[in-house]
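# Chains, contacts and geometry: an overview
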Amino acid sequence: MKLLYTLLTVLLSQTLFAQVFWSETFGTGCNQGQLATAFTSLNGSWTVTSTGANAGSANVWYVGATENNTGVGNCSTVCGTNATLHLGNIDVSFISADQGAAYYEGLAGFCGLLPCGATDKRVESPSISCMGKENISVSFSYIEGGNAIDNATVWFYDGTSWSQLADPAKTFSGICSPQGVWTNFTAILPASADDNPNVKIGFRWINNDDGDATDPSFAVDDIQFSGDDIASGECLGDFNYDGFINAADLLLFLGNFGCSSDCFADLTGDDAVNAADMLILLGIFGTECP
């Protein structure tokens, strides 16, 4: 039973406490050929790092609506108004640059005779301040193609080093080929993100030159960071401040049950003390303050 209460507590805390404190939508406009390194929003500027070998015609990161975000569950389209961050080709082999989330790859065995497109690059956000936040998650909408080798991964920077956070699933769809279906993604950040002023999110794309290329590459939009406010010097559920959540706190809680204004036992932050608060208290009952 306690496990059930604990799971309910986690779900309630994510739903009722978590709030979006940072977001990036990449603006509007088709903007074909706009490099990600040339894009700046109120959040700051994005950068690109070579994370491996890159051929002379390696693909690059762009920001624009040549890969247009049409909304989760919908097929992506080209040259709309809802700009995205996406991996696309340079001007090569009579193909103009930035055809959306479409990547160039040379023919197997002909690299050197024909342009080579092997790519290994990570696009990185500006610093994201997570000061005063904990239990932080990142969410975004995306499309992704490729294969086992040609692949996108999500990376996290804690102010000191980068680490891989996730490898999102492909979003292929026959009816949307070759664009892909816009899909939601959410991941919990490591605890090192809590109260950290220098967090970054990154997206790494790798493709080789084996001639086996399957569009789309990768596009992302509507990135959001959410988290809980860190309580200042207080312990959740410890109403008598003795360092334990026990029967004494339960009695105080029951005495405040039904309160609808200035409630000291309001654990959900909704200005009321009700069953939702009771579930949280039961989930942490018998524990010691950290």
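See above for the structure.
Here's a quick rundown of the structure.

This next bit is on the overall build of the chain. Helix and strand counts for the chain come out as three helices and 13 strands. Taking the principal axes of the C-alpha coordinates as reference, the chain spans close to 80 × 35 × 35 Å. Per-residue burial over the chain gives 46% buried out of 290 residues. Counting only contacts in the chain whose residues sit at least 6 apart along the sequence, the fraction spanning at least 24 positions is 76%. Total accessible area on the chain stands at roughly 13200 Å², and carbon and sulfur atoms take up 57% of it.

Taken as a whole, this structure holds 16 aromatic pairs when the rule is applied. Note on Phe140 and Phe203: the rings are 5.4 Å apart at their centroids and 85° apart in plane angle, and the pair reads as edge-to-face. With a gap of 63 residues between them, Phe140 in strand S8 (residues 133-144) and Phe203 in strand S12 (residues 200-207) connect regions that are remote in the sequence. Its relative accessible area of 0% is what places Phe203 among the buried residues. Taking the centre distance of 6.3 Å and the plane angle of 90° together, the rings of Tyr142 and Phe185 count as edge-to-face. Of the two residues, Tyr142 sits in strand S8 while Phe185 sits in strand S11 (residues 183-188), which places them 43 residues apart along the sequence.

The subject of this paragraph is the environment of Phe110. Relative to the helices and strands, Phe110 is located in the loop between strand S6 (84-88) and strand S7 (119-124). The spatial distance from the C-alpha of Phe110 to the C-alpha of Pro190 is 43 Å, given a sequence separation of 80 residues.

The subject of this paragraph is the environment of Pro197. Among the secondary structure elements, Pro197 is positioned in the loop between S11 and S12. Among the residues examined, Pro197 registers a relative accessible area of 47% and is labelled partly exposed. Remark: the alpha-carbon pair of Pro197 and Gly132, spanning 65 residues in sequence, is separated by 9.1 Å. When near neighbours in sequence (up to four residues on either side) are disregarded, Pro197 contacts Ile128, Ser129, Cys130 and Met131.

Turning our attention to the environment of Ala102. Structurally, Ala102 is set in the loop between S6 and S7. It is 13 Å that separates the C-alpha atoms of Ala102 and Cys79, two residues lying 23 residues apart in sequence. Setting aside residues up to four positions removed in sequence, Ala102 forms contacts with Leu87, Gly88, Asn89, Asp215 and Ser217.

What follows covers the pairing of strand S13 (residues 218-229). Of all the 12 residues making up S13, nine are buried; the element is thus mostly covered by neighbouring parts of the structure. Here strand S1 (residues 19-24) runs beside S13; their pairing, made up of five bridges, is antiparallel. Note on S13: the bridge partner recorded for Trp22 is Phe225. Relative to S13, S6 runs antiparallel, the two sharing two bridges. Across the sheet, the residue bridging to His86 is Ala219, located in S13. Examined bridge by bridge, S8 and S13 share nine bridges and lie antiparallel to one another. Pairing of Ser137 across the sheet is with Ser226, part of S13.

Before going further, it helps to spend a moment on the sheet that holds strand S10 (residues 162-166). The five strands lie next to each other as S4-S7-S12-S9-S10, forming an open sheet whose pairing is antiparallel. Where the open sheet ends on each side, the last strands, each with one partner, are strand S4 (47-50) and S10. Between one strand axis and the next, the sheet turns by 30° as a mean value, whatever way the strands run. In the sheet, strand S9 (residues 151-157) pairs with S10 via four bridges, with the strands oriented antiparallel. The residue of S10 that forms the bridge with Trp155 is Gln164.

Taken as a whole, this structure holds four disulfides when the rule is applied. Bridging Cys259 to Cys263, the disulfide has an S-S length of 2.1 Å. Disulfide Cys259 to Cys263: torsion about the S-S bond roughly -90°, handedness left-handed.

For strand S5 (residues 60-64), the tally of buried residues reaches five of five residues, placing the bulk of the element in the interior. Here S5 shows two buried faces, one formed by Val60, Tyr62 and Gly64 and the other by Trp61 and Val63. Sheet topology note: the S5/S6 ladder contains five bridges and is antiparallel. Residue pairing for S6: Gly64 is matched across the bridge by Thr84.

Here is what the cut-offs are and how they apply
Residues numbered from 1 in each chain as written. Predicted model: local features only at pLDDT ≥ 70, side-chain atom pairs only at ≥ 80, totals over all residues. Heavy atoms only, no water. Helix = DSSP H or I, 4+ residues; strand = E, 2+ residues; numbered from the N terminus. Buried < 20%, exposed > 50% of the residue type's maximum accessible area, 1.4 Å probe, protein only. Contact = heavy atoms within 4.5 Å. Areas by Shrake-Rupley, 256 points an atom, 1.4 Å probe, with all protein chains shown as cover. Phe/Tyr/Trp six-rings, centres within 6.5 Å; stacked < 30°, edge-to-face > 60°. Pairing = 2+ DSSP bridges. Axes fitted to C-alpha atoms, helices over the stretch in contact; angles between N-to-C directions. Disulfide = S-S within 2.5 Å.

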